[in-house]
Amino acid sequence: MAITTIELQENLSKYLILAATEEILITENGKIIAMLSKPHQDRIEIAQSLFGILPADITLEESEKERLAAI
């Protein structure tokens, strides 16, 4: 689930409860800036949640350059 920072501010307690069962992606100006997730999520589950975030046709170096350019 993706929500805006304003939505999070207005309904923080609701999203803290939901974060126990699903990942909450927080966006600002259409870009993901943070994520709420379970506090005891195991590493394999975390890695699996990240699969598919990067397009298949981009290299690690290209994604790093893109990330640094956004800063």
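About the criteria used
- Residues numbered from 1 in each chain as written.
- Predicted model: local features only at pLDDT ≥ 70, side-chain atom pairs only at ≥ 80, totals over all residues.
- Heavy atoms only, no water.
- Helix = DSSP H or I, 4+ residues; strand = E, 2+ residues; numbered from the N terminus.
- Buried < 20%, exposed > 50% of the residue type's maximum accessible area, 1.4 Å probe, protein only.
- Contact = heavy atoms within 4.5 Å.
- Areas by Shrake-Rupley, 256 points an atom, 1.4 Å probe, with all protein chains shown as cover.
- Patch = residues over 30% accessible without salt bridge, like charges linked within 9 Å, V, L, I, M, F, W, Y side chains within 5 Å.
- Salt bridge = Lys/Arg side-chain N within 4 Å of Asp/Glu carboxyl O.
- Lys, Arg positive; Asp, Glu negative; His and termini not counted.
- Charge placed at Lys NZ, Arg CZ, Asp CG, Glu CD.
- Core = buried A, V, L, I, M, F, W, Y, C linked by side-chain atoms within 4.5 Å.
- Pairing = 2+ DSSP bridges.
- Axes fitted to C-alpha atoms, helices over the stretch in contact; angles between N-to-C directions.
- pLDDT = per-residue confidence, 0-100.

**Q** Before we go on, may I ask you to explain the overall build of the chain in this structure?
**A** Helix and strand counts for the chain stand at 4 helices and 3 strands. Listing every helix and strand of the chain by position from the N terminus yields β-α-α-β-β-α-α. The buried share of the chain, taken over its 71 residues, is 13%. Within the chain, contacts between residues separated by at least 24 positions form 11% of all contacts whose residues are at least 6 apart in sequence. For the chain, the accessible area works out to roughly 5,900 Å², and carbon and sulfur atoms hold 59% of it.

**Q** How should I be thinking about a negative patch on the surface in this particular structure?
**A** Together, Asp-57, Glu-61, Glu-62, Glu-64 and Glu-66 make up a region of like negative charge exposed at the surface. For Glu-62, the position within the fold is in helix 4 (residues 60–69). The class of Glu-62 is partly exposed, set by a relative accessible area of 41%.

**Q** I tried to follow the nonpolar core on my own but got confused; where do I start?
**A** In summary, soluble globular proteins display a tendency toward joint burial of nonpolar side chains. Listed in full, the 6 residues of the largest apolar core are Ile-3, Leu-8, Tyr-15, Ala-19, Ile-24 and Ile-26. With residues up to four places along the chain from it excluded, the contact list for Ile-26 reads Ile-3, Thr-4, Thr-5, Leu-8, Lys-31, Ile-32, Ile-33, Ala-34, Met-35 and Leu-36.

**Q** It is not clear to me how the sheet that holds strand 1 (residues 2–4) should be interpreted in this structure. Could you clarify?
**A** Adjacent strands of a sheet form backbone hydrogen bonds with each other and so pair up, either parallel or antiparallel. In space, the 3 strands of this open sheet follow the order 1-2-3, with mixed pairing throughout. Of all the strands in the sheet, just strand 1 and strand 3 (31–36) have a single pairing partner and so form its edges. Sheet twist, expressed as the average angle between the axes of neighbouring strands with direction ignored, equals 35 degrees. Both strand 2 (residues 24–28) and strand 3 contribute to a ladder of 5 bridges, which runs antiparallel. Across the sheet, Leu-25 pairs through a bridge with Met-35, a residue of strand 3.

**Q** Where do I start with the confidence of the model for the chain in this structure?
**A** Across the chain, the average pLDDT comes to 83, with 85% of residues at 70 or higher. Per-element confidence in the chain ranges from a low mean pLDDT of 70 for helix 3 (residues 43–50) to a high of 95 for helix 1 (residues 5–10).

**Q** Please explain the pairing of strand 2 as it appears in this structure.
**A** Every regular strand shows the same layout, with side chains that alternate between the two sheet faces. Bridge analysis of strand 1 against strand 2 gives 3 bridges, and the strand direction is parallel. The residue of strand 2 that forms the bridge with Ile-3 is Ile-26.

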